[in-house]
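Tertiary structure, described
As a plain string of letters, each chain reads:
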Amino acid sequence: QEIEARWRLVESAWENSLPRNLMLVEYEEKNRNLIGVNSFRRTTVTSARPALNGYQKGRCFYCFREISTVYGSDKMADVDHFFPHMLKQCDINKPIDGVANLVLACQECNRGANGKFDRLPSIALLERLFNRNEYLINSHHPLRETLIAQTGSTTQKRQSYLQEAYNCSTLFVGAS
């Protein structure tokens, strides 16, 4: 079965004219299948820790527990995608790895027993994300221009952007 599954993934990559390093494999829980996705691989976003921490001041975005951005710390923060990668199923153009979608989370909130994983956070947390992004834009933080480019040039456009992404995500992801 394993050989057959691997072969199907290779054939899918060939069918989509993808080099093997661009084939993304995801688990489809509904049918319990591994599926090949015609998309770019996830990129590492851990380098965003220090910039994100400038706003979060050493606290988890979700529970406010103390976190660290120092490598090797037992409280090392995870860089979490607020909108999970599954949002790509709804809109391939959303910058999933963009700073507007990244937050620092403690390991328990991100991947612990009751962690977020691929679930969509609550609407109250969406408001917190919007407020975080607005704070960074209005404080002329170095990420200001990046956030504006990713989410819109006006407050209303940025709010609409996040709400549309949230609405879209609810079609594919369970809320936490």
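Note: the structure precedes this text.
All of the points below concern the structure found in this document.

Conventions used here
- Residues numbered from 1 in each chain as written.
- Predicted model: local features only at pLDDT ≥ 70, side-chain atom pairs only at ≥ 80, totals over all residues.
- Heavy atoms only, no water.
- Helix = DSSP H or I, 4+ residues; strand = E, 2+ residues; numbered from the N terminus.
- Buried < 20%, exposed > 50% of the residue type's maximum accessible area, 1.4 Å probe, protein only.
- Polar contact = N/O pair within 3.5 Å; in protein donor to acceptor, adjacent residues only side chain to side chain.
- Contact = heavy atoms within 4.5 Å.
- Disulfide = S-S within 2.5 Å.
- Axes fitted to C-alpha atoms, helices over the stretch in contact; angles between N-to-C directions.
- Left-handed = near helix turned anticlockwise from the far one by under 90°.
- Nonpolar A, V, L, I, M, F, W, Y, C, P; charged D, E, K, R; others polar.
- 1 Å grid on protein atoms, 1.4 Å probe; cavity = no way out; pocket = protein on both sides within 12 Å on 5 of 7 lines; lining within 4 Å.
- Points joined across faces, edges and corners; volume = space filled by probe spheres on them.
- Expected span 1.5 Å × (residues − 1).

1. Quick look at the side chain of Q56
Structurally, Q56 is set in helix α2 (residues 49-56). Classification of Q56 as buried rests on a relative accessible area of 7%. Among the polar contacts made by the side chain of Q56, one reaches the main-chain carbonyl oxygen of L104 at a distance of 2.9 Å. In contact with Q56, not counting residues within four places along its chain, are F61, I67, V103, L104 and R132.

2. As for the state of the cysteines
All told, the structure shown has zero disulfides when counted by the stated rule. Not engaged in a disulfide, the cysteine C63 finds its nearest cysteine sulfur in C109; these two sulfurs lie 3.6 Å apart. Here C63 falls in the partly exposed class, since its relative accessible area comes to 30%. Cysteine C106 remains unbridged, with the sulfur of C109 as its closest cysteine sulfur at 3.6 Å.

3. Points about the packing of helix α4 (residues 123-138) against helix α6 (residues 155-170)
Where α4 meets α6, the axes come as close as 11 Å, and the angle between the chain directions of the two elements is 145 degrees. Here α4 and α6 pass one another in a crossing that is right-handed. From α4, I123, L126, L129, F130, N133, E134 and I137 reach across to α6, where they touch T155, R158, Q159, L162, Q163 and Y166. Residue composition of the contact of α4 with α6, grouped by class: seven nonpolar, four polar and two charged.

4. A few points about empty space enclosed by the protein
Under the counting rule described, the total for this entry stands at one cavity of 30 Å³ or more. Empty space within the largest cavity amounts to approximately 60 Å³. Taken together, F83, L87, K94, P95, I96, A100, N101, L129, Y161, L162 and A165 make up the lining of the largest cavity. A per-element tally of the lining of the largest cavity places α6 first, with three residues. Per-class residue counts for the lining of the largest cavity are nine nonpolar, one polar and one charged.

5. A few points about α4
Between its first and last C-alpha, α4 extends 22 Å over 16 residues, near the 22 Å set by a 1.5 Å rise per residue. When α4 is considered as a whole, its buried residues turn out to be L125, L126, L129, F130, R132, N133, E134, L136 and I137. Of the surrounding elements, those touching the buried residues of α4 are α2, β4 (102-105), α5 (144-151) and α6. Immediately downstream of α4, the backbone of H140 shows phi near 55 degrees, a positive value.

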